[in-house]
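So you can see what is in the structure, the chains are spelled out below.
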Amino acid sequence: MARRRTAQPRTALIAAGLAVSLLLSGCSALSKTLDGGSVAGDFPSRNVEIMVPAAPGGGWDLTARQFQHVIQEDKLLADRSVSVVNVTGAGGAVGISKLVTKNRKDPHTLMITGLVMVGALTLNQSQIKVSDTTPIATITAEQEVIVVKADSPLKTLKDLVDLYTSDPAKVSWGGGTIGGTDHITAGTLVKAAGLDPSKVKYISYSGGGEATAAILSGDVTVGISGMSEFEEQITAGKMRVLATTGAEQLTVAGKQLPTMKSEGYDAEVQNWRAIVAPPGIPDADRKRLVEFVTKVNTSPKWAEIRKKQGWTEFFKTGDDASRFIAEETTRVQALLKELGIV
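Numbering of residues begins from 1 in every chain and follows the order in which that chain's sequence is written. Only residues with pLDDT of at least 70 get local features here, since the model is predicted, and only at 80 or more are side-chain atom pairs given and counted; chain-wide, interface and lining totals rely on the full set of residues. Computation of side-chain values: all heavy atoms of the structure, hydrogens and water removed.

1. Concerning the packing of aromatic side chains
Consideration 1: Each aromatic pair joins two rings of Phe, Tyr and Trp (for Trp, the six-membered one) with centres within 6.5 Å, and gets the label stacked for planes under 30 degrees apart, edge-to-face for over 60, and tilted for any other angle. Considering all chains together, one arrives at five aromatic pairs under this definition.
Consideration 2: Measuring from centroid to centroid gives 5.1 Å for Phe 67 and Trp 302, while their planes differ by 90°, and the two rings are edge-to-face. Placement of the pair is Phe 67 in helix α2 (residues 59-73) and Trp 302 in helix α10 (residues 300-309), with a sequence separation of 235 residues. Across the pair, exposure class does not vary: Phe 67 and Trp 302 are buried alike.
Consideration 3: Ring centres 6.1 Å apart and planes at 70° place the aromatic pair Tyr 164 and Trp 173 in the edge-to-face group. Of the two residues examined, Tyr 164 and Trp 173, each falls in the buried class.
Consideration 4: Three or more aromatic residues link up through ring pairs in this structure, and these residues are Phe 67, Trp 302 and Trp 311. Helix and strand labels come from DSSP, where a helix needs a run of H or I of at least four residues and a strand needs a run of E of at least two; each type is numbered from the N terminus. The cut-offs for exposure are 20% and 50% of the maximum accessible area for each residue type, with area from a 1.4 Å probe on protein chains only; residues under the lower value are buried, those over the upper are exposed, and the others partly exposed.

2. Considerations on the pairing of strand β9 (residues 239-244)
Consideration 1: A large share of β9 lies buried, amounting to six of its six residues.
Consideration 2: What makes two strands pair is DSSP finding at least two bridges between them. Here strand β5 (residues 144-149) runs beside β9; their pairing, made up of five bridges, is antiparallel. Within β9, the residue paired with Val 148 across the bridge is Arg 240.

3. Points about the sheet that holds strand β2 (residues 82-86)
Consideration 1: Taken together, six strands build an open sheet; the order of strands is β2-β1-β3-β12-β4-β13 and the sheet is mixed. Two strands in the sheet have a free side with no partner beyond their single neighbour: β2 and β13 (312-317). On average, each strand axis in the sheet is inclined to that of its neighbour by 25°, with strand direction left out of account.
Consideration 2: With four bridges joining them, strand β3 (residues 109-114) and strand β12 (residues 273-277) adopt antiparallel strand pairing. By the bridge assignment for β12, Ile 112 is matched with Ile 275.
Consideration 3: Contact criterion: two residues are considered in contact whenever any of their non-hydrogen atoms come within 4.5 Å of each other. Here, axes are lines fitted to C-alpha atoms. For helices the fit covers the stretch in contact, and angles between N-to-C directions go from 0 to 180 degrees. Contacting β3, β4 (134-141), β12 and β13, helix α9 (residues 283-297) crosses the sheet at an angle of about 15° to β4.

4. Some words on the sheet that holds strand β7 (residues 201-204)
Consideration 1: The strand order across the open sheet built from five strands is β7-β6-β8-β5-β9, with neighbouring strands paired in mixed fashion. Either end of the sheet is taken by a strand with one partner, and the two such strands are β7 and β9. Along the sheet, successive strands turn relative to each other by an average axial angle of 30°, direction set aside.
Consideration 2: Running at roughly 80° to β5, helix α6 (residues 181-192) makes contact with β5, β6 (172-175), β7 and β8 (222-226) of the sheet.
Consideration 3: With respect to the sheet, helix α7 (residues 208-217) is in contact with β5, β8 and β9, its orientation differing from that of β5 by roughly 40°.

5. Quick notes on the pattern of salt bridges
Side-chain pairing between opposite charges can occur once the charged atoms of the two side chains come close.
Consideration 1: What counts as a salt bridge is simple: a side-chain nitrogen of Lys or Arg found within 4 Å of a carboxyl oxygen of Asp or Glu. Per the counting criterion, the structure on display carries 11 salt bridges.
Consideration 2: One salt bridge in this structure joins Asp 151 and Lys 149, with 3.8 Å as the shortest N-O distance.
Consideration 3: Looking at Asp 151, the relative accessible area reads 60%, which means it is exposed.
Consideration 4: Looking at Lys 149, the relative accessible area reads 27%, which means it is partly exposed.
Consideration 5: A salt bridge links Arg 306 to Glu 313; the shortest N-O distance between them is 3.6 Å.
Consideration 6: Exposure remark for Arg 306: the relative accessible area of 10% places this residue in the buried category.

6. So, the confidence of the model for the chain
Consideration 1: Averaged over every residue, the pLDDT of the chain is 88; the share at 70 or more is 87%.
Consideration 2: Counted against residues more than four places away or in other chains, residues 1-41, with its pLDDT under 50, gives 24 contacts. Each residue carries a pLDDT value, the predictor's own confidence for that position, ranging from 0 to 100.

7. What to know about the packing of helix α4 (residues 115-123) against helix α11 (residues 318-338)
Consideration 1: With their axes 9 Å apart at the nearest point, α4 and α11 run at an angle of 50° to one another. Taken together, the axes of α4 and α11 are oblique relative to one another. Of the two possible hands of crossing, α4 and α11 adopt the one that is right-handed. Touching Leu 115, Val 118, Gly 119 and Thr 122 of α4 are Glu 328, Thr 329, Arg 331, Val 332, Gln 333 and Leu 336, all from α11.
Consideration 2: Residue composition of the contact of α4 with α11, by class: four nonpolar, four polar and two charged. By the definition adopted for this analysis, an angle is roughly parallel if under 35 degrees, roughly antiparallel if over 145, roughly perpendicular if from 65 to 115, and oblique otherwise. Here a crossing is taken to be left-handed if its near helix is turned anticlockwise relative to the far helix by less than a right angle, and right-handed if that turn runs clockwise. Polar here means any residue outside two lists: the nonpolar Ala, Val, Leu, Ile, Met, Phe, Trp, Tyr, Cys and Pro, and the charged Asp, Glu, Lys and Arg; Gly therefore counts as polar.

8. A look at helix α8 (residues 227-235)
Consideration 1: For α8, the full list of buried residues reads Met 227, Phe 230, Gln 233 and Ile 234. Summarising the axial view, the buried residues of α8 lie within an arc of 130°, below the 170-degree limit, and thus occupy one face. Counted as exposed and oriented over 90 degrees from the buried face of α8: Ser 228 and Glu 232.
Consideration 2: Taken together, the buried residues of α8 touch β5, α7, β8, β9 and β10 (251-252). Note that the arc is computed from the directions linking the helix axis to the C-beta atoms.

9. Things to note about the environment of Val 147
Consideration 1: Secondary-structure assignment places Val 147 in strand β5.
Consideration 2: Owing to a relative accessible area of 0%, Val 147 belongs among the buried residues under this scheme.
Consideration 3: In sequence terms Val 147 and Gly 223 are 76 residues apart; their C-alpha atoms lie 5.2 Å from each other.
Consideration 4: With residues up to four places along the chain from it excluded, the contact list for Val 147 reads Ile 215, Val 222, Gly 223, Phe 230, Ile 234, Met 239, Arg 240, Val 241 and Leu 242.

Given below as structure tokens:
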């Protein structure tokens with residue numbers, strides 16, 4: 001004779017269904033955590049890390065550590081901490097590769113980047129671009145300065161362009177990394193003058209000290225770097241400024257300096273820096289990161305740091321930052337090809 005089934009009470013079935021639902025929900029949350037991300041809108045759910053894709057001591061490193069200082073001083077993460085880690089290699093290519101692959105979907109890992117990385121990735125023919133990350137905000141910019149030694153026969157930017165026009169080989173340009181901001185500045189000026197960037201004879205130096213010595217000794221015709229590298233020599237009257245590269249005129253030692261635009265060349269270059277997150281983070285976390293970085297940017301302590309370091313506020317967030325970085329990537333890639341180094 002068949003055994004008769006005993007009907008389960010309705011409350012038991014509901015309880016069982018609820019248990020399964022909670023189990024599946026817990027597994028989903030665990031999956032997100034193991035994937036490196038946070039539950040959307042829950043930022044920060046753990047400590048935050050700012051990656052510097054370069055060795056300690058450089059501009060990116062200084063930016064990250066000053067940013068960290070403001071976060072700590074203003075207690076912007078409440079009971080969470082913020083750390084800075086350095087990941088070196090290939091002009092930032094190693095760091096950004098880690099961010100895009102191993103840190104994918106994790107809003108608690110941020111990275112400092114900028115114009116220099118755009119050039120380095122292009123030069124290294126990297127398959128990864130800065131625009132492959134999730135841009136949170138551009139934060140600072142620093143003008144470049146074009147200088148000659150004080151007794152140079154070149155008195156104006158037009159003199160430099162005229163000399164290049166007569167024979168590009170007569171002009172040697174001294175600056176930092178091949179494909180970096182200084183090199184980009186030289187190509188941008190030459191292109192704005194309607195001349196051939198591929199003829200630029202660029203000499204790369206490993207540090208500001210070497211570049212300064214080369215300019216003062218006459219080993220190079222003209223030098224290019226950030227204002228902070230040459231300001232002491234300019235103030236001492238050992239170097240003459242032919243132009244700065246930003247939109248606003250700078251004043252050094254009581255003297256207002258010309259810009260490339262004020263000298264008649266429709267060009268502008270700024271060594272901008274930005275904070276990005278990995279790709280794939282939830283939209284809610286991206287919004288909270290933008291709010292978080294905005295708090296840092298509006299801090300009086302950050303304003304003091306910018307002034308001390310000679311950094312200009314260059315704050316674009318979210319979609320505006322994404323568009324700007326994409327446009328800069330396109331511009332730099334095209335220019336480096338015209339310079340003949342890609």
